[in-house]
Amino acid sequence: MATETAEPAGGTTAENATAHPGHLQLEDRIWLLRAMLLMRGIEERAMSLYRQGKVPGSFYDGYGQEAVSAGAAFAMASEDRLCILHRDLAAHLIRGVEPQRIFAQYMGRADGITAGRDGNVHFGDWRLGCVGMVSMLPDMMLVATGMAMAFKLRGERRCALTWFGDGSTSRGDFHEAMNWAGVQKVPVVFVLENNQYAYSTPVDKQFAVDPVEHATAYGFTGLTVDGNDVEAMFEATRQARERALDGGGPTLIEAVTMRMHGHAAHDDMKYVPKELVEEWRQRDPIDRQEKRLRALGVDVDGLRASVSAEIDAAAAEALAGPMPSPEGAALGVFCEGEAEPLGDGHAPWSGFAAGDVD
Ligand SMILES: Cc1ncc(C[n+]2csc(CCOP(=O)(O)OP(=O)(O)O)c2C)c(N)n1
Ligand SMILES: [Mg+2]
């Protein structure tokens, strides 16, 4: 039950080059980079659409945190269930949500996942095993714990995973979910995205102990992972999933990263020291994965160009898509008749096809 520390944030260039390939094939390592590039590119384009007035509400991104959602989601099987938060776009992409539908969601168009019925980042495609995001933080922890409880009661070999921020650790729901998960030993993975700030509150005003220690307090495994290393995130989550499936109960993964932009588009984050941002820029997760793959002879520039073309096409398609009709606004808000169960999502990690599980 000891708290393990996997690796501190940062890392030397030598470590970056050798990486954590373990259960990852070259195609997987490229997939991880592609997911992060797509996330960054889509969010950058969406921010510009927001500035053009095409995205209603505000806009939230996960710039610099791409490895947290990409690495963790990549370790999840089709039948697992995900509760995805506002800075975790790569998880939606890995589960199989097409970029065009994401742009449509941001712009409130009919083709978006909620077709304009909910905030631009409050979505989840239930057909792909993702629960629509509950905005009250961190209620997704309770939802994930509840789903995991159902898996346990039914004797199913699958798990649930949710992300949440450092700010969530101060809420009662965090402790309720952690306690129940620990007592019942349910197959759930909690990914605490410690990005140093909750809106303008820095972590030294958020908690007096390292939050990973809560896992020990609630009787299960906790570990700290370099959240800017996508392969380390994958490996920690892969092991947490195995533990969950083998009856070992929950895992708390503290992914240490940095919120590189303001809380949302309207926030100039003048309360964040510039040096801190610059320091973290040196640990950019995309740069790190690119370096590894270039060293292996991968055509990273070609990959970048194809991702960029995919984003152009997706944005254009979404912009040409229709707005939802006002008459349909109230449809599909409440369940009518029998609820359809969540579907299975994509699970591109080659290990699932190869039966590469411990
Ligand atoms: C219960 C609750 N209070 C306030 C909010 C408004 N809110 C949305 S995101 C956010 C900051 C959350 O910080 P953190 O948990 O660290 O996640 P981050 O945004 O840094 O990823 C706040 C205060 C909310 N959604 N739910
Ligand atoms: Mg935070």
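On a predicted model such as this, the values are computed, not experimentally measured, just so you know. (Residues numbered from 1 in each chain as written. Chains lettered and ligands numbered in written order. Predicted model: local features only at pLDDT ≥ 70, side-chain atom pairs only at ≥ 80, totals over all residues. Heavy atoms only, no water.)

1. Here's the deal with the confidence of the model for the protein
Okay, so step 1: For the protein, the mean per-residue pLDDT works out to 93, and 94% of the residues sit at or above 70.
Okay, so step 2: Looking at the elements of the protein, mean pLDDT is at its lowest for helix α1 (residues 13-18), recorded as 39, and at its highest for helix α3 (residues 66-74), recorded as 99.
Okay, so step 3: Considering only residues more than four positions removed or in separate chains, one finds that residues 1-18, a stretch of pLDDT under 50, has 34 contacts. (pLDDT = per-residue confidence, 0-100. Helix = DSSP H or I, 4+ residues; strand = E, 2+ residues; numbered from the N terminus. Contact = heavy atoms within 4.5 Å.)

2. Digging into the pattern of salt bridges
Okay, so step 1: As enumerated under the stated definition, the model contains 27 salt bridges in all.
Okay, so step 2: When the shortest N-O distance is used, the salt bridge between Arg40 and Glu66 registers 2.8 Å. With a gap of 26 residues between them, Arg40 in helix α2 (residues 26-51) and Glu66 in helix α3 connect regions that are remote in the sequence. There is no split in this pair, since Arg40 and Glu66 are both buried.
Okay, so step 3: With its nearest N and O atoms 3.2 Å apart, the salt bridge here joins Asp301 to Arg294.
Okay, so step 4: The structure contains a network of salt bridges with shared partners spanning Arg29, Asp226, Asp229, Glu231, Arg288 and Arg292. (Salt bridge = Lys/Arg side-chain N within 4 Å of Asp/Glu carboxyl O. Buried < 20%, exposed > 50% of the residue type's maximum accessible area, 1.4 Å probe, protein only.)

3. Focus: helix α5 (residues 99-106)
Okay, so step 1: The buried fraction of α5 is high, at 8 of 8 residues.
Okay, so step 2: The set of residues buried in α5 consists of Pro99, Gln100, Arg101, Ile102, Phe103, Ala104, Gln105 and Tyr106.
Okay, so step 3: In this structure, the buried residues of α5 make contact with α2, α4 (89-95) and α12 (300-320).
Okay, so step 4: Two residues or fewer past α5, Gly108 is found with a positive phi of approximately 70°.

4. Topic: the site of ligand 1
Okay, so step 1: Neighbouring residues of ligand 1: 15 residues in total, closest His86, Arg87, Ser135, Gly167 and Tyr197.
Okay, so step 2: At 2.8 Å from an oxygen atom of ligand 1 is found a side-chain nitrogen or oxygen belonging to Arg87.
Okay, so step 3: At 2.9 Å from an oxygen atom of ligand 1 is found a main-chain nitrogen or oxygen belonging to Tyr197.
Okay, so step 4: Here ligand 1, which alone exposes 580 Å², has 75% of that area covered by the protein. (Near = heavy atom within 4 Å. Polar contact = N/O pair within 3.5 Å; in protein donor to acceptor, adjacent residues only side chain to side chain. Areas by Shrake-Rupley, 256 points an atom, 1.4 Å probe, with all protein chains shown as cover.)

5. Things to note about the coordination of the magnesium ion (ligand 2)
Okay, so step 1: Taken together, Asp166 (OD), Asn195 (OD1) and Tyr197 (O) make up the protein donors of the magnesium ion (ligand 2), found 2.0 to 2.3 Å from the metal.
Okay, so step 2: For the magnesium ion (ligand 2), the single-chain donor residues occur in sequence as D-x28-N-x1-Y. Of the two residues, Asp166 is situated in the loop between β4 (160-165) and α7 (172-184) and Asn195 in the loop between β5 (188-194) and β6 (197-198); the sequence distance between them amounts to 29 residues. For the pair Asp166 and Asn195, one class covers both residues: buried. (Donors = N, O, S within 2.8 Å, 3.2 Å for Na, K, Ca; no water.)

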